[in-house]
Amino acid sequence: ALIVKSWFYSYLTDAYGDVPYTQATKGIREDNITPEFTPQSEIYDGLITDLTVANNLLKGAATISGDILYNGDVTKWRKFSNSLRLRLLMRISDVDKARAISEMKEITNAPSEFPIFESNGDAAVIQWNSDNPQPKFTTRSGSYDEVRLSTTLETRLKDLNDQRLIVFAQPTSASGKGIYSDNMDDYVGMPNGLNDEDALAYSPSGDPQKSGSNFISRLGVLLTCRACDPENASPTASQTIIMSYSELQFILAEAREKNFITAGTSEQYYENGIYASFEYYLERINAGGWNEIATSLASFDVDAYINQEKVAYTGTSEEKLGKVAMQKWISLFYTGFEAWSDWRRTNMPAIVPGPDAANGGKVPVRFQYPNSVKSTNNANYQEAVSRMGGDNLNTLLWWDVSV
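Position numbers for residues count from 1 along each chain, tracking the sequence in the order it is written. Under the rules for a predicted model, residues below a pLDDT of 70 receive no local features and side-chain atom pairs below 80 are neither given nor counted, while totals for whole chains, interfaces and linings still include all residues. Hydrogens are left out, water is left out, and the side-chain values use all remaining heavy atoms of the structure.

(A) Region of the structure containing the packing of aromatic side chains. Any Phe, Tyr or Trp ring, taking Trp's six-membered ring, that has another such ring centre within 6.5 Å forms a pair; planes under 30 degrees apart are called stacked, those over 60 apart edge-to-face, and the others tilted. Going through the model one piece at a time under the given rule, you end up with 23 aromatic pairs. Relative to Tyr11, the ring of Trp7 has its centre 6.0 Å away and its plane inclined at 80°; by these criteria the two rings are edge-to-face. With a gap of 4 residues between them, Trp7 and Tyr11 both fall in helix α1 (residues 2–16), about one helical turn apart. Considering the side-chain rings of Phe337 and Trp340, the 5.5 Å spacing of their centres and the 85° angle between planes classify their relative orientation as edge-to-face. Highlighted residues: Phe337 and Trp340, both in helix α15 (residues 336–346), separated by 3 residues, approximately one helical turn. The rings of Trp7, Phe8, Tyr11, Tyr16, Phe37, Phe337, Trp340, Phe367, Tyr369 and Tyr381 are connected pair by pair, giving a single aromatic cluster. Note on geometry: a ring has a charge over it if NZ (lysine) or CZ (arginine) is within 6 Å of the ring centre and within 35 degrees of the ring normal. One residue, Arg91, lies across the ring of Trp399, its end atom 5.5 Å from the ring centre. The ring of Trp329 carries Arg156 above its face, with NZ or CZ at 4.8 Å from the centroid. Segments assigned H or I by DSSP are reported as helices when at least four residues long, segments assigned E as strands when at least two residues long, and all are numbered from the N terminus.

Here it is as structure tokens:
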């Protein structure tokens, strides 16, 4: 419960900043339906402390029944607790560096006391089954089929000759290739941040006769919905990723590069993260039975990919951290909230707002509080807003201090 609570609240506070925390669940017991908003720094202290307690409580614990995440494996719950703790410690490393370093070292220097993810098999993922299929398999919200590949992701993957493109996207309908093509030119994205009119008229080639959705790639078949592609969609191949092994490896790579920890080498962590991402997607593609995609991905030379200049762990420390950020960003595909949080912390990789983006051409750095909060808990809302410096999309969170 402490682990799941910490995961939930980390998302909540990283979305809004200060939120009800210490008083949030006292409504029925203590007749408090207008809880105070807890400062984000205090929330993070509570989350990190709870994760430490959870790891200790689970030592020697019996198997858990009714566990849909780890099927009763207590050791894997401990690994999740400590891996999540590393994520949160890295998040606060610019505002509480001493604590981040101390506790990161504590975890990495004592693996038997503080076990962490050791493979993709330890990752925190929701595995769907035929009785409870991946939600997109049976339903969709709005025009899900209009979700398309971003030019940003397309160009970055093509620039690195990154074969994960065939997992993240499908060939355009105009190519006539179905769900897979061996020609990377058949995978085409569109710019982020276009208004509706410009998006509908967008033509990758510049030819107005070749504009519209037939010329832009859909999301990969792994992520498609039953309503979008009843013949190929899978109810169970796609998993909901809470925290992956590859993400943890990139956290450790950054920590080692910055000398926050002394265990291992940053290069090994970095390469582990890349290998783990490719291996994960090959496993999921195989689970879906998409043989052409699986064969192509399995034959891809990941060693050569890692050794190319733009990926190889070489250069200045800043350049290495930039490569870690890029590979972490790629590996977090479709785990978008975490990718956004990490970008807010590091400002890497570079994100350029779209030409028609609102918010004054700025990428938002938080959510605004819901109107229901303003109307039902206004006094505490006003106090939080005053403390944070405003309730708008550009109000920086406590840990977001990079420039």
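(B) Structural view of the state of the cysteines. The criterion for a disulfide is a pair of cysteine sulfur atoms lying within 2.5 Å. Considering all chains together, one arrives at 1 disulfide under this definition. Covalently, Cys225 is tied to Cys228 through a disulfide, its sulfur atoms 2.1 Å apart. Its torsion about the S-S bond being 75°, the disulfide of Cys225 and Cys228 is classed as right-handed. Judged on exposure class, the residue Cys225 and its partner Cys228 are both buried. Relative accessible area decides the class of each residue, using a 1.4 Å probe on protein chains only: under 20% of the type maximum gives buried, over 50% gives exposed, and in between gives partly exposed.

Without other data, these values stay purely geometric and don't point to any function.
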